[in-house]
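Spelled out from the first residue to the last, the chains are:
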Amino acid sequence: IGGFSQPIAVNEAPTVASGSYVATENVPTPLTGITLADADADPATDPMDVTFTVASGTLDINEAVIGGVPASAISGDGTGTITITGATLDQINTTLAAADGLVFTGDADVQLDLTLNDRGNGDGGITPQTTASSATITTLTDTDGDGVADIDDVDDDNDGILDTVEDTNGDM
């Protein structure tokens with residue numbers, strides 16, 4: 001008669017918001033606009049694990065962002081896979097919000113794959129939830145390697161003759 005039951009804690013899955021990116025080949029390109037959230041986690045104290053992966057190229061994460069992810073929580077910096085272990089959402093989002101927080105360098109179109117694990121925040125660690133997300137990185141060709149994509153380069157083969165002149169003469 002009239003007993004009370006304890007509410008059962010449910011762990012909500014974390015969420016990821018990101019966009020798509022355009023990079024010039026072999027030119028470091030910041031990957032801004034990525035935001036991570038978890039409705040049932042304390043963003044200031046609950047630890048999370050996140051992995052960023054590209055099939056080709058490298059990812060660099062800025063370990064010097066004030067209030068960001070500490071270097072001790074980062075592995076794989078400068079490779080195709082960066083793992084952040086045990087950082088809070090506040091730390092991760094602070095790093096990702098920095099203009100040079102996460103940077104891609106490569107020479108091919110790739111998917112940036114992101115996996116966020118909340119370590120069971122919300123139900124006492126019983127049921128960790130993982131969210132996966134992908135963003136497209138389109139890499140523009142830079143034939144002469146000057147850091148300017150051919151589409152924006154007035155002399156994309158660096159021969160001293162403007163592309164508009166070469167185009168009219170059929171020399172491209």
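From a predicted model like this one, the values you see are computed outputs, not experimental measurements.

Q: Sorry if this is basic, but what is going on with the overall build of the protein chain here?
A: Across its full length, the protein chain carries two helices and eleven strands. Taken from N to C terminus, the helices and strands of the protein chain fall in the order β-β-β-β-β-β-β-β-α-β-β-β-α. For the protein chain, with 172 residues in total, the buried portion stands at 37%. Within the protein chain, contacts between residues at least 6 apart in sequence are counted, and of these 65% link residues at least 24 apart. When the accessible area of the protein chain is evaluated, it comes to approximately 8900 Å², of which 53% is carbon and sulfur surface.

Q: Before we go on, may I ask you to explain the environment of Ser-72 in this structure?
A: Inspection of the secondary structure assignment puts Ser-72 in the loop between β6 (58-61) and β7 (74-75). Exposure remark for Ser-72: the relative accessible area of 72% places this residue in the exposed category.

Q: What am I meant to see in the sheet that holds strand β11 (residues 130-140) here?
A: Where strands meet in a sheet, backbone hydrogen bonds hold them as pairs that are either parallel or antiparallel. Reading across from one edge, β2-β11-β10-β5-β8-β7 is the order of the six strands in this open sheet, with mixed pairing throughout. At either end of the open sheet lies a strand with only one pairing partner, and these are β2 (21-24) and β7. In the sheet, strand β5 (residues 47-53) pairs with strand β10 (residues 110-117) via five bridges, with the strands oriented antiparallel. If you follow Thr-51 over to β10, its bridge partner there is Thr-115. The strands touched by helix α1 (residues 89-97) are β5 and β8 (81-88); relative to β8, the strand with the most contacts, the crossing angle is about 135°.

Q: Sorry if this is basic, but what is going on with the confidence of the model for the protein chain here?
A: Parts of the prediction with low pLDDT should not have their coordinates interpreted in detail. Mean pLDDT for the protein chain: 85, with 86% of residues reaching 70 or above. Per-element mean pLDDT across the protein chain ranges from 69 in helix α2 (residues 163-169) up to 98 in β7.

Q: Can you walk me through the pattern of salt bridges in this structure?
A: Once the charged atoms of two side chains with opposite charge are near each other, the side chains can pair. According to the stated counting rule, one finds one salt bridge in the structure shown. Arg-119 is the partner of Asp-49 in a salt bridge, and the nearest nitrogen-oxygen pair spans 3.1 Å. Of this pair, Asp-49 sits in strand β5 while Arg-119 sits in the loop between β10 and β11, and the two are 70 residues apart along the sequence.

Q: Got a minute to help me understand the sheet that holds β6 in this structure?
A: One open sheet accounts for three strands, arranged β3-β9-β6; its pairing is antiparallel. Each end of this open sheet is capped by a strand with a single partner; those strands are β3 (29-30) and β6.

Q: Please explain the pairing of strand β9 (residues 102-105) as it appears in this structure.
A: Consecutive side chains along a regular strand alternate between the two faces of the sheet. Neither face of β9 is open: one carries Leu-102 and Phe-104, the other Val-103 and Thr-105, and all of them are buried. Across two bridges, β3 lies against β9 in antiparallel orientation. Within β9, the residue paired with Thr-29 across the bridge is Phe-104.

Reading the values: the criteria
- Residues numbered from 1 in each chain as written.
- Predicted model: local features only at pLDDT ≥ 70, side-chain atom pairs only at ≥ 80, totals over all residues.
- Heavy atoms only, no water.
- Helix = DSSP H or I, 4+ residues; strand = E, 2+ residues; numbered from the N terminus.
- Buried < 20%, exposed > 50% of the residue type's maximum accessible area, 1.4 Å probe, protein only.
- Contact = heavy atoms within 4.5 Å.
- Areas by Shrake-Rupley, 256 points an atom, 1.4 Å probe, with all protein chains shown as cover.
- Pairing = 2+ DSSP bridges.
- Axes fitted to C-alpha atoms, helices over the stretch in contact; angles between N-to-C directions.
- pLDDT = per-residue confidence, 0-100.
- Salt bridge = Lys/Arg side-chain N within 4 Å of Asp/Glu carboxyl O.

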